[in-house]
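# Topology and contacts: notes
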Amino acid sequence: KNILPYTFFIVFLLYLFANTGIHGDDYALIKELQGKRSLFILSAENLGKYIYNIPSYLIWCFYSIIGYENLYLYDLLKYLLNLISIYFLYSFFINYFSELRSFIISFLIILFPTHDSSNYWLMATPLYVFFPSMIFFSFSLIKKNSYLLGSILLLIASFNYTSPPYILGLSVIFLLEKNYKKLMLFFIIGSIYVLYYLIISKIYGNLEHRVDDYLSIYKIVINFSLQLITSIDANIGISFVMKVFYSMLSINIIGVSIIFLFIFSFYICFKDKILVFEKTSNKNKIIVVASMVLIYFFSLIIFSLTSSYPQTTFNLGNRTTIYSSFVFVVLLSILIKRNTTFLIITLILILSIVGISNHWKEFNKKNINIINQINSNKNFKDLNSTDIIMLKDNLYSKFGKISHIEFLIVPWVSNQIFSKYENFTVLPLSKYLYIDNNVIINKKEGTNHTIVKNIYIYKTESNELILIKRSDIMELISNEESILRHWVQLKEFELLSTIIIKFFPRVNYLFTK
């Protein structure tokens with residue numbers, strides 16, 4: 001009836017995604033896909049690792065079209081994917097909750113502070129936000145007897161490796177509602193991808209596999225325990241508190257103004273419902289909670305099979321926590337019946353969401369400046385193929401004390417940024433490196449680099465390229481600050497870190513002093 005609140009909400013979301021930029025694998029994907037029109041042909045030979053995520057690939061093809069020009073189009077694409085995802089979830093939750101609660105639940109799940117990489121990192125957005133939300137939307141369509149459109153969207157949305165927990169969890173709703181025909185339709189269509197995955201992985205053994213080839217019952221139990229503990233920490237533990245606290249420190253005057261705009265529009269839209277109690281039926285509560293818990297549980301099992309992806313609120317890997325955001329947000333809504341209390345908590349989370357957005361904006365702005373400096377620095381043209389450059393600073397974004405978003409620490413990112421020169425080795429200067437005789441070893445990446453000729457330090461803050469002596473390398477490495485990715489690395493938790501290294505030796509590099 002009143003278009004003004006929705007206009008304000010659209011402006012609010014536009015602010016969140018504007019100037020958040022490209023990150024991580026985005027750089028590599030642009031280089032890999034740009035100009036390769038043959039990749040639009042859906043074959044295993046052309047798609048390679050993308051064969052497991054064909055719907056997402058159809059969005060990733062925009063890397064080929066946009067390239068490195070007009071970067072604002074990536075922000076616009078992320079904005080549209082997240083906006084539509086909120087609508088998709090709203091269309092589902094409105095079947096079980098009030099209009100007010102359905103809107104807030106959908107908004108918070110999509111933009112929950114723990115999984116910001118799934119929102120602002122374009123490569124992750126289709127996989128972890130858009131198509132999972134489309135599964136919920138297709139469920140709602142089938143529930144309302146729109147079988148054809150619901151089935152088509154379900155088949156498309158489920159065709160990636162993030163879908164099985166959602167298919168299993170939502171199927172339970174039809175089971176509890178005793179809609180057995182819809183249950184069979186939804187489950188069978190949603191499970192086609194699993195069969196497809198097994199067939200493709202069998203035929204093309206050289207493709208990327210997500211399941212650990214060396215699993216045992218003992219290893220699965222250990223992996224599941226790690227997934228469960230870290231997910232609790234990420235959503236209600238120390239990591240969550242740190243994420244919310246540091247994000248609020250990132251809010252600026254513009255962010256505060258945008259928040260007031262959002263609150264004002266929200267008040268206009270729901271002012272007659274704010275002071276009332278939520279009256280969701282117990283049956284609806286049980287059905288939805290059971291579904292969300294199962295989505296969460298099945299996601300932990302699937303990640304346990306990979307022996308990777310621990311739940312964390314920091315770094316680009318935090319996209320995996322989106323599964324747990326469903327259950328924690330829904331439980332929060334159900335446990336707090338008074339709308340005023342629920343809205344106060346929502347406001348705190350909105351402050352965090354805006355602060356996180358500002359962090360991505362500032363980080364993107366700094367990255368662009370560094371890239372421009374590198375492209376204009378003529379000293380790089382004089383280097384030889386046997387030379388090594390060690391990049392100092394700006395390996396990650398700094399989120400308080402935590403090293404959050406990966407940048408120059410990632411080899412395929414730094415290599416792409418320096419690709420115009422194509423004649424030397426680029427390494428991040430950090431305590432992840434050490435020297436063995438005449439070889440520099442990167443413990444994080446497991447790579448070795450033989451010292452043949454000159455070694456340089458490139459100071460990314462001052463745009464200086466400095467020749468150094470081989471004898472000074474170890475001192476430079478030891479003088480670098482330890483990279484803090486998680487609170488468990490703090491010296492106060494040394495016993496806990498020892499236990500982690502014992503069970504997961506591959507993360508030993510994180511605890512280098």
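Just above, that's the structure.
Residues numbered from 1 in each chain as written. Predicted model: local features only at pLDDT ≥ 70, side-chain atom pairs only at ≥ 80, totals over all residues. Heavy atoms only, no water.

## Here's the deal with the pairing of strand β5 (residues 433-436)
Direction of pairing for β5 relative to strand β6 (residues 439-442): antiparallel, over a ladder of four bridges. Counterpart to I435 in the pairing with β6 is I440. Between β5 and the antiparallel strand that follows it, β6, lie two residues; N437 among them carries a positive phi value of about 60 degrees. (Pairing = 2+ DSSP bridges. Helix = DSSP H or I, 4+ residues; strand = E, 2+ residues; numbered from the N terminus.)

## With respect to the sheet that holds β5
In spatial order, the strands read β5-β6-β7; together these three strands make up an open sheet with antiparallel pairing. Across the chains shown, the open sheet's two edge strands, defined by having one partner strand only, are β5 and β7 (447-450). Neighbour-to-neighbour, the strand axes of the sheet open up by a mean angle of 25 degrees, direction not taken into account. Relative to β7, β6 runs antiparallel, the two sharing four bridges. Note on β7: the bridge partner recorded for N442 is T447. (Axes fitted to C-alpha atoms, helices over the stretch in contact; angles between N-to-C directions.)

## As for the pattern of salt bridges
Scanning the entire structure with this criterion turns up seven salt bridges. Among the salt bridges present, the one from K78 reaches D75, with a minimum N-O distance of 3.5 Å. Highlighted residues: K78 and D75, both in helix α6 (residues 72-93), separated by three residues, approximately one helical turn. Grouping residues by exposure puts K78 and D75 together as buried. A salt bridge links E461 to K366; the shortest N-O distance between them is 2.9 Å. One end of the pair, E461, is in the loop between β8 (455-459) and β9 (464-468); the other, K366, is in helix α18 (residues 339-376), and 95 residues separate them in sequence. (Salt bridge = Lys/Arg side-chain N within 4 Å of Asp/Glu carboxyl O. Buried < 20%, exposed > 50% of the residue type's maximum accessible area, 1.4 Å probe, protein only.)

## Comments concerning the packing of helix α10 (residues 147-157) against helix α12 (residues 180-203)
Two elements in contact, α10 and α12, have axes whose closest approach is 8 Å; the angle formed by their N-to-C orientations is 30 degrees. When the axes of α10 and α12 are compared, the pair comes out roughly parallel. In the packing of α10 onto α12, the handedness of the crossing is right-handed. Contacts from Y147, S151, L154 and L155 in α10 reach K182, L185, F186, I189, G190 and I192 in α12. For the contact of α10 with α12, the per-class residue count stands at seven nonpolar, two polar and one charged. (Parallel < 35°, antiparallel > 145°, perpendicular 65-115°, else oblique. Left-handed = near helix turned anticlockwise from the far one by under 90°. Contact = heavy atoms within 4.5 Å. Nonpolar A, V, L, I, M, F, W, Y, C, P; charged D, E, K, R; others polar.)

## Notes on the nonpolar core
The tendency in soluble globular proteins is for nonpolar side chains to be buried as a group. The biggest cluster of nonpolar side chains holds 140 residues, and the ones touching the most others in it are L13, L16, F93, F107, M292, F380 and F418. Beyond its immediate sequence surroundings of up to four residues, F418 is in contact with I374, F380, L391, F424, V426 and Y458. Residues I388, M390, I440 and I468 belong to the second largest nonpolar core, which totals twelve residues. (Core = buried A, V, L, I, M, F, W, Y, C linked by side-chain atoms within 4.5 Å.)

## Remarks on the packing of aromatic side chains
For the structure on display, the rule yields 45 aromatic pairs. Where Y120 meets W360, the ring centres are 5.6 Å apart and the plane angle is 35 degrees; that geometry is what we call tilted. With Y120 in helix α8 (residues 117-120) and W360 in helix α18, the pair connects residues that are 240 residues apart, well separated along the chain. Looking at Y120, the relative accessible area reads 1%, which means it is buried. Pairing F139 with F174 gives two aromatic rings, centres 4.2 Å apart and planes at 25 degrees, and the pair type is stacked. You can see F139 sitting in helix α9 (residues 125-143) and its partner F174 sitting in helix α11 (residues 164-176), a full 35 residues away along the chain. By the burial criterion, F139 is buried, and F174 matches it. Connected via pairs of aromatic rings, a cluster forms that spans F92, F93, Y96, F97, F136, F139, Y166, F174, F186, F303, Y323 and F326. R101 extends its terminal NZ or CZ atom over the ring of F342, reaching a point 4.2 Å from the ring centre. The residue whose ring lies beneath K361 is Y15, and the NZ or CZ to ring-centre distance is 4.5 Å. (Phe/Tyr/Trp six-rings, centres within 6.5 Å; stacked < 30°, edge-to-face > 60°. Lys NZ or Arg CZ within 6 Å of the ring centre and 35° of its normal.)

## Side note on unusual backbone geometry
Even without being glycine, N315 reaches a positive phi, approximately 80 degrees. Examined against the element boundaries, N315 turns out to sit in the loop between α16 (282-306) and α17 (322-335). Phi at N437 is positive, roughly 60 degrees, even though this residue is not glycine. Looking at where N437 falls in the secondary structure, it is placed in the loop between β5 and β6.

## Here's the deal with the sheet that holds strand β4 (residues 425-428)
Spatially, β4-β1-β8-β9 is the arrangement adopted by the four strands of the open sheet, whose pairing is mixed. Edge positions in the sheet fall to β4 and β9, since each of these pairs with one other strand and no more. Along the sheet, successive strands turn relative to each other by an average axial angle of 30 degrees, direction set aside. Two elements, strand β1 (residues 388-392) and β8, share five bridges in a ladder whose sense is parallel. Bridge pairing links I388 to I455 in β8.

## Considering the side chain of K243
Tracing the backbone through its elements, the reader meets K243 in helix α14 (residues 238-248). Judged by its relative accessible area of 0%, K243 falls in the buried class. A polar side-chain atom of K243 sits 2.7 Å from the main-chain carbonyl oxygen of P113. Contacts of K243, omitting those with residues within four sequence positions, involve P113, T114, D116, T313, F314, N318, S352, I356, F399 and H404. (Polar contact = N/O pair within 3.5 Å; in protein donor to acceptor, adjacent residues only side chain to side chain.)

## A look at the packing of helix α7 (residues 99-111) against α17
Viewed as axis vectors pointing N to C, α7 and α17 meet at an angle of 150 degrees, and their least axial separation amounts to 9 Å. It follows that α7 is roughly antiparallel to α17 by the angle criterion. When the axes of α7 and α17 are compared, the crossing they make is right-handed. The residues of α17 that touch α7, namely those facing R101, I105, L108 and I109, are I322, S325, F326, V329, V330 and S333.

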